[in-house]
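# Overview (structure and organization)
Listed below are the residues making up each chain.
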Amino acid sequence: MRPISVRIGVLGLALVAGLAAPTAATAAPEAGGAAPAPTVEERRLDGEVPREILRRSGFAAVAPAFARELGRADSYREARRVVEREGAALWRRAVDRVQGRGPARGDLSRDDDRPLYWARLGMTRELRTWEPGFGLSERQRAALLTELERTSRGQTDLRLPRGHRDGHGKDVKRVLLTGFDPFTLDRDIRISNPSGAVALALDGTVIDTADGPARVETAVFPVRWADFAEGTVERALRPYLPRVDLFTTVSQGRVGRFDVERTNGAWRGGFPDNDNVSRTETVPVADPASQPQWTTTTLPYAAITAADTGRFPVYDNTSVTEIPAGGDEPVVRPDGPTPGSTAREGGGGNYLSNEIAYRATLLRDRLGLHGTLPGGHVHTPVLQFGAGNTDPATGALTDPEFVRNRLDIVAQTRAIVGVAVSAAGADRD
């Protein structure tokens, strides 16, 4: 998820023309006032492709059922209980579908991450436009929306093992992995994000590694600048980084390759997010006076790139773009930043994948874990449709090559995590 990957990854797909007008709110607005408007991201729900994804996955009834439950709430406290319960249920339902538990409910392949994304937006739109009889302040609505985001993204479902040993007396390593929502949807609304598929496929699973079993817990994050500025990454990860043995943020990157990003930069490059908002600025963090321009991976990149993990090549990416000390023009540095430079692109660019990597590794460092906790960012290949299915206006929602590519990316990411855990254990020994 970086500017160059956005340009390459869409493979020249044309912009999707004119989205339909939003549907009416589920409940009537209060007398004398208009219901809050859906967001840009939520309004995309009215296109045929999102409706088809929901229909063909069995998730079409999620938002209407949520609206009915909200309609029964007679207080803010009860509404919060509904939001917490239904948000968590959506996350578990999506994980279960991907991991093969229960009926598939539709003909989309189980590995698909898109039903979770579009069903969540249906729920947030219902909540955003809901006008209960008991009245709801802007602050209360914002709190409910935040809780719905957290619960439906797995951020409240990170169940790390309490003990360090499994039933056979082996040490159980704890791994935290994050993915992202689909993005660049105005270019091709059919898009899936392989990092989100990875998160759903690996959540709660155990990987057998040379250093023993590793339990993986996952969450996904939005592609929105504002959420990151409001601290969503730090709130989600801070309680868990001191308790895990390894973490990796994951996003979609370049065509045909994986990258372990060596360096992350403190700069937002302005590419529009899922609400079509741009931000060009230094990454906003707490205590900016102590903010570094660069952070680095502590993942065992040499071992990862040397291992045979799947059909895609895996690279140790050391390139960055900087303004050198005393300079005023950006310069590409293939071997990493020079002393005193100002960041303009990390190895992962200057979009939200770079930012989550920067925030997570900065949090690691501020918690005093740089020397003990392996962590960093992995970019997956761009998820591509089949050769005859590249026109978003006329193309199919899915095809065999699209599914194969996603399954192979998920499997190879799992293998990369296994190698990282083993190599990190060898380093500790």
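These remarks concern the structure in this document. Everything numeric in this text was worked out from a predicted model, so none of it was measured.

## What about the overall build of the protein?
The helix and strand tally for the protein stands at 13 helices and 14 strands. In the protein, the share of contacts with a sequence separation of at least 24, taken over all contacts with a separation of at least 6, comes to 77%. If you sum the accessible surface of the protein, you get close to 17200 Å²; carbon and sulfur atoms cover 51% of it.

## Observations concerning the sheet that holds strand 13 (residues 342-345)
Taken together, the three strands give an open sheet; going across it, the order is 12-11-13, and neighbouring strands pair in antiparallel fashion. Lying at the two open borders of the sheet, with one neighbouring strand each, are strand 12 (331-333) and strand 13. Taking each pair of neighbouring strands and ignoring which way they run, the sheet shows an average axis angle of 45°. Sheet analysis places strand 11 (residues 320-323) next to strand 12, joined by three bridges and oriented antiparallel.

## Considering the pairing of strand 1 (residues 173-180)
Working note: regular strand, side chains alternate between the two faces of the sheet. Along strand 1, eight of the eight residues are buried, which leaves the element largely enclosed by surrounding structure. Side chains K173, V175, L177 and G179 of strand 1 all project onto a buried face; the interleaved residues R174, L176, T178 and F180 project onto the opposite face, where all are buried too. Two elements, strand 1 and strand 3 (residues 212-221), share eight bridges in a ladder whose sense is parallel. Looking across to strand 3, one finds that F180 is bridged to F221. Note that strand 1 and strand 4 (residues 246-252) share four bridges and pair parallel. Along strand 4, the bridge assignment pairs L176 with F247.

## Structural notes on the nonpolar core
With 66 residues, the main nonpolar core has F66, W118, L127, W130, L177 and I304 as its most contacted residues. For this core, the element with the most residues is helix 13 (residues 400-428), which contributes nine residues. Those residues in contact with F66, other than ones at most four positions away along the chain, are V82, V83, E86, M123, E126, L127 and L148. Core analysis: the next-biggest nonpolar cluster, separate from the first, contains 25 residues, L160, A219, V233 and A360 among them.

## Points about the side chain of R141
By secondary structure assignment, the location of R141 is in helix 7 (residues 138-152). Each residue touching R141, except ones within four places of it in the same chain, is listed here: P36, L127, R128, T129, W130, E131 and L136.

## Details of the layout of surface pockets
For the largest pocket, the calculated volume is near 540 Å³. Contributions of two or more residues to the lining of the largest pocket are made by helix 2 (40-43), helix 6 (114-128), helix 7, helix 9 (225-229) and helix 10 (232-237). Split by residue class, the lining of the largest pocket holds eight nonpolar, five polar and 13 charged.

## A look at unusual backbone geometry
Phi is positive for R105, close to 55°, though the residue is something other than glycine. Relative to the helices and strands, R105 is located in the loop between helix 5 (76-98) and helix 6. Within the chain, T184 stands out as a residue other than glycine whose phi angle is a positive 55°. Along the chain, the position of T184 falls in the loop between strand 1 and helix 8 (194-202).

## Re helix 6
The first and last C-alpha atoms of helix 6 sit 21 Å apart over 15 residues, in line with the 21 Å expected at 1.5 Å per residue. Of all 15 residues in helix 6, 15 are buried; the element is thus mostly enclosed.

## Considering the packing of aromatic side chains
Centre distance and the angle of the planes are the two values used to describe a pair of aromatic rings. For the structure on display, the rule yields nine aromatic pairs. Taking the centre distance of 5.5 Å and the plane angle of 75° together, the rings of W225 and Y351 count as edge-to-face. Taken together, the residues W225 in helix 9 and Y351 in the loop between strand 13 and helix 12 (352-366) connect sequence positions 126 residues apart. Of the residues examined, W225 reaches a relative accessible area of 0% and is grouped as buried.

## Things to note about the sheet that holds strand 1
Strand order in the open sheet formed by seven strands is 2-3-1-4-14-5-10, with mixed pairing between adjacent strands. Sheet topology places strand 2 (206-209) and strand 10 (314-317) at the edges, where each strand pairs with a single neighbour. Within the sheet, the average angular offset between the axes of one strand and its neighbour, ignoring direction, is 30°. Relative to strand 3, strand 2 runs antiparallel, the two being bridged by four bridges. The partner of V206 across the bridge, within strand 3, is R215.

## Some words on the pattern of salt bridges
For the coordinates displayed, the defined rule picks out 44 salt bridges. The salt bridge partner of R125 is D46, with a shortest N-O separation of 3.0 Å. Taken as a pair, R125 in helix 6 and D46 in the loop between helix 2 and helix 3 (48-57) lie far apart in primary sequence, 79 residues in all. Classification of R125 by relative accessible area gives buried; the value is 13%. Using a relative accessible area of 8% as the deciding quantity, one classes D46 as buried.

## Examining the side chain of T263
Following the sequence through the fold, T263 ends up in strand 6 (residues 263-265). Classification of T263 as buried rests on a relative accessible area of 5%. Beyond its immediate stretch of four places on either side in the chain, T263 contacts W294, T295, T296, V320, P337, G346, G347 and G348.

## Describing the environment of A89
By secondary structure assignment, the location of A89 is in helix 5. Note on A89: relative accessible area 40%, which makes it partly exposed. Sequence separation of A89 and S152 is 63 residues, and the distance between their C-alpha atoms is 7.4 Å.

Conventions we followed
Residues numbered from 1 in each chain as written. Predicted model: local features only at pLDDT ≥ 70, side-chain atom pairs only at ≥ 80, totals over all residues. Heavy atoms only, no water. Helix = DSSP H or I, 4+ residues; strand = E, 2+ residues; numbered from the N terminus. Contact = heavy atoms within 4.5 Å. Areas by Shrake-Rupley, 256 points an atom, 1.4 Å probe, with all protein chains shown as cover. Pairing = 2+ DSSP bridges. Axes fitted to C-alpha atoms, helices over the stretch in contact; angles between N-to-C directions. Buried < 20%, exposed > 50% of the residue type's maximum accessible area, 1.4 Å probe, protein only. Core = buried A, V, L, I, M, F, W, Y, C linked by side-chain atoms within 4.5 Å. 1 Å grid on protein atoms, 1.4 Å probe; cavity = no way out; pocket = protein on both sides within 12 Å on 5 of 7 lines; lining within 4 Å. Points joined across faces, edges and corners; volume = space filled by probe spheres on them. Nonpolar A, V, L, I, M, F, W, Y, C, P; charged D, E, K, R; others polar. Expected span 1.5 Å × (residues − 1). Phe/Tyr/Trp six-rings, centres within 6.5 Å; stacked < 30°, edge-to-face > 60°. Salt bridge = Lys/Arg side-chain N within 4 Å of Asp/Glu carboxyl O.

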